[in-house]
There are 2 protein chains.
Amino acid sequence: MLVQFAKVARAMGNPHRLNLLELLAQGERSVEALAEAAGLSVANASQHLQVLRRNGLAVSRKRGLHVYYRLSGHEVPILLAALRRTAERHVEEIGRLVHGYFQARDALEPLSRDDLVGRLKEGSVTLLDVRPPEEFAAGHLPGAVNIPLKDLKRRLDELPAGTDIVAYCRGPYCVLAYEAVATLRACGRRARRMEDGFPEWRLAGLPVESAGGA
Amino acid sequence: MLVQFAKVARAMGNPHRLNLLELLAQGERSVEALAEAAGLSVANASQHLQVLRRNGLAVSRKRGLHVYYRLSGHEVPILLAALRRTAERHVEEIGRLVHGYFQARDALEPLSRDDLVGRLKEGSVTLLDVRPPEEFAAGHLPGAVNIPLKDLKRRLDELPAGTDIVAYCRGPYCVLAYEAVATLRACGRRARRMEDGFPEWRLAGLPVESAGGA
DNA sequence: CTACTATTCAATAAGTTTCTTGAATAGTGG
DNA sequence: CCACTATTCAAGAAACTTATTGAATAGTAG
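Residues numbered from 1 in each chain as written. Chains lettered and ligands numbered in written order. Predicted model: local features only at pLDDT ≥ 70, side-chain atom pairs only at ≥ 80, totals over all residues. Heavy atoms only, no water.

Caption draft 1: Representation of the overall build of chain A in the model. Each helix and strand in chain A was counted, giving 10 helices and seven strands. Across chain A, contacts joining residues at least 24 apart in sequence account for 65% of those joining residues at least 6 apart. Taken as a whole, chain A presents about 10,100 Å² of accessible surface, with 50% of it coming from carbon and sulfur. (Helix = DSSP H or I, 4+ residues; strand = E, 2+ residues; numbered from the N terminus. Contact = heavy atoms within 4.5 Å. Areas by Shrake-Rupley, 256 points an atom, 1.4 Å probe, with all protein chains shown as cover.)

Caption draft 2: Local environment of the environment of E32 of chain B. Summarising the element assignment, E32 of chain B is placed in helix α3 (residues 31-38). In sequence terms E32 of chain B and A43 of chain B are 11 residues apart; their C-alpha atoms lie 9.3 Å from each other.

Caption draft 3: Layout of the protein's contact with DNA strand D. Around DNA strand D, the surrounding shell holds 23 residues, and the nearest of these are E32, S46 and Q50 of chain A together with R10 and H48 of chain B. At the protein interface, 81% of the atoms of DNA strand D within 4 Å belong to sugar or phosphate. At a separation of 3.2 Å, a phosphate oxygen of DNA strand D approaches a polar backbone atom of V31 of chain A. The contact in question runs from a phosphate oxygen of DNA strand D to an N or O atom on the side chain of H16 of chain B, over 3.3 Å. Along the lines of polarity and charge, the residues of the surface near DNA strand D split into seven nonpolar, 11 polar and five charged. (Near = heavy atom within 4 Å. Polar contact = N/O pair within 3.5 Å; in protein donor to acceptor, adjacent residues only side chain to side chain. Nonpolar A, V, L, I, M, F, W, Y, C, P; charged D, E, K, R; others polar.)

Caption draft 4: Main features of the pairing of strand β6 (residues 164-168) of chain B. All names here are of chain B. Of all five residues that make up β6, five are buried, and the element is covered over most of its length. Residues D164, V166 and Y168 of β6 are buried on one face, and the alternating residues I165 and A167, pointing to the opposite face, are buried as well. Bridge analysis of strand β4 (residues 125-129) against β6 gives five bridges, and the strand direction is parallel. Looking at the pairing, D129 lines up with Y168 of β6. As defined by bridge partners, β6 adjoins strand β7 (residues 191-193) across three bridges and the pair is classed as parallel. Paired with I165 across the two strands is A191, which belongs to β7. (Buried < 20%, exposed > 50% of the residue type's maximum accessible area, 1.4 Å probe, protein only. Pairing = 2+ DSSP bridges.)

Caption draft 5: Layout of the sheet that holds β6 of chain B. All names here are of chain B. Overall, parallel pairing links the four strands, which are arranged β5-β4-β6-β7 in an open sheet. Each edge of the open sheet carries a strand with a single partner, namely β5 (145-146) and β7. Helix α7 (residues 113-122) rests against β4, β6 and β7 of the sheet, and its axis sits at about 125° to β4. Packed onto the sheet, helix α9 (residues 176-186) meets β4, β6 and β7 and runs at close to 170° relative to β7. (Axes fitted to C-alpha atoms, helices over the stretch in contact; angles between N-to-C directions.)

Caption draft 6: Structural context of the protein's contact with DNA strand C. Around DNA strand C, a shell composed of 24 residues is seen, among which R10 and H48 of chain A together with E32, S46 and Q50 of chain B lie nearest. The protein-proximal atoms of DNA strand C, defined as those within 4 Å of the protein, are 81% sugar or phosphate. Interatomic distance of 2.7 Å between a side-chain N/O atom of S46 of chain B and a phosphate oxygen of DNA strand C. Between a phosphate oxygen of DNA strand C and a main-chain N or O atom of V67 of chain B, the distance comes to 3.2 Å. Taken together, the elements giving at least two residues each to the surface near DNA strand C come down to α2 (15-24) and α4 (42-54) of chain A together with α3, α4 (42-54) and β3 (66-71) of chain B. At five residues, the largest contribution of residues to the surface near DNA strand C is made by α4 of chain B.

Caption draft 7: Focus on the nonpolar core. Core analysis: the biggest nonpolar cluster contains 62 residues, and M12, L21 and L57 of chain A together with M12, L21 and L57 of chain B have the highest contact counts within it. Leaving out residues up to four positions away in the same chain, M12 of chain B has contacts with A6 and A9 of chain A together with L18, L21, L57, L79, L80 and L83 of chain B. (Core = buried A, V, L, I, M, F, W, Y, C linked by side-chain atoms within 4.5 Å.)

Caption draft 8: Structural detail: the pairing of strand β4 (residues 125-129) of chain A. Residues and elements named next belong to chain A. With respect to burial, β4 is a largely interior element, five of its five residues being buried. Every second residue of β4 is oriented toward a common face, with V125, L127 and D129 on one face and T126 and L128 on the other, all of them buried. Of the strand pairs in this sheet, β4 and strand β5 (residues 145-146) are connected by two bridges, and their pairing is parallel. For L128, the partnering residue across the bridge sits in β5 and is V145.

Caption draft 9: Just the packing of α2 of chain A against α4 of chain A, in detail. Residues and elements named next belong to chain A. The interhelical angle for the contact between α2 and α4, taken along N-to-C directions, is 75°, at an axis separation of 10 Å. In terms of orientation, α2 lies roughly perpendicular with respect to α4. Touching H16, R17, L20, L21 and L24 of α2 are A45, H48, L49, V51 and L52, all from α4. Taken together, the residues of the contact of α2 with α4 break down into seven nonpolar, two polar and one charged. (Parallel < 35°, antiparallel > 145°, perpendicular 65-115°, else oblique.)

Caption draft 10: Representation of the sheet that holds β3 of chain B within the structure. Residues and elements named next belong to chain B. Spatially, β1-β3-β2 is the arrangement adopted by the three strands of the open sheet, whose pairing is antiparallel. On the outer flanks of this sheet lie β1 (29-30) and β2 (58-63), each paired with one strand and no other. Note: β2 against β3, six bridges, orientation antiparallel. Directly across from A58, in β3, lies its bridge partner L71. With respect to the sheet, α4 is in contact with β2 and β3, its orientation differing from that of β2 by roughly 120°.

Caption draft 11: Fine view of the packing of helix α2 (residues 15-24) of chain B against α3 of chain B. Residues and elements named next belong to chain B. Relative orientation of the contacting elements α2 and α3 amounts to 120°, with a least axis distance of 10 Å. By the angle class used here, α2 and α3 are oblique. In this structure, the crossing between α2 and α3 has a hand that is right-handed. Across from N19, L20, L23 and L24 in α2, the residues of α3 making contact are L34, A37 and A38. When grouped by side-chain class, the residues that make up the contact of α2 with α3 number six nonpolar, one polar and no charged. (Left-handed = near helix turned anticlockwise from the far one by under 90°.)

See below:
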């Protein structure tokens, strides 16, 4: 029994595979797209993905030429979150990183999911998704505007002037939203970041919109 | 960042270390005791424990000649539980085991923690802890009687005759309570098992009694 | 100070993981 | 059926993990 559990843990015990899992948490993608996004050779990405599949963390389906991978179920992001939380709390090396780089930016007034839901109902905020368009297309928060971080300065006028802006990205270890809020404030806008990212939102069972219409 | 997370995952990626973690979830213990319980040489156990410590999963303190290890915090059992749940759901090999050996025994009427709390208030059950005395001493459910599985037949008369017996052990993957219920029923007693074990009970913040008086 | 114990350290041999490379497979469009 | 593409497979070199051994360290009791 423990041997099997250890195999699953070991499947997560490689940074590239963790990276692939976080990418898969954004939605289904082909091997090629994943390899590209993770900065791996296709053969290598394929091998890592097979490890994830063999250990029940991901599943794949073939559609035409492409093989699409996705996470095998809801438990996987929960497991990833538990791993993050444990690692964060206990490894000093990580502790220093989190409380240096990230906590320095905590002044950016994180807004919890619940608070955000309330403010969206009031209509008092503009929701900004700063992830790349592919990820936005795969799924996003209802009503969100997509401006990838790198285009933000250029496309600033697409954001209504009067309202507060709430930015979100991939999750607690993604820096996109932090950068976006910093940028927006530098441009004189009132901006905050959402505490979590898209995967956590979906995980919480909250409504999601996607490009395909579904 | 991902590199650090991967290290933590990898620290759990060995069956002996998972076993040590489950033992540590029972309470603090010396290297020697852990080595003995896990069936490892002392040097080997020491090395595995150091891996756990280096990755923030366990901490140690020296008291006299002995070094005592324990889990580093609440997040660790949560992480272990998440790992179990994921592995259980998705690895077919485990699936077969769970639905063979364990589910065959599911007729042993598992009682949830909440139901148990209710029945304890009514006073309609005898609570039986079938773990070894050391683990019982380190902490147990309030009011529980400790009869290790191997002594159960011999000490049957210590259990009051009229009431239902609810047996518990180390947790969902521990077989002690299953065996105990089977044994008790074979002896004509009305017995059920508690769904989880002692670590889960403590994790849920429910009251715990221990030998030292604390 | 000496004998003794619990734990850790260091070295090594066997096994596993990882990345790279190039070839094999399977599905598509003409 | 052919050329083409996406993915997987296979083999090999380098880097890591693991269990075992025996020696080193640090604390206790006499």
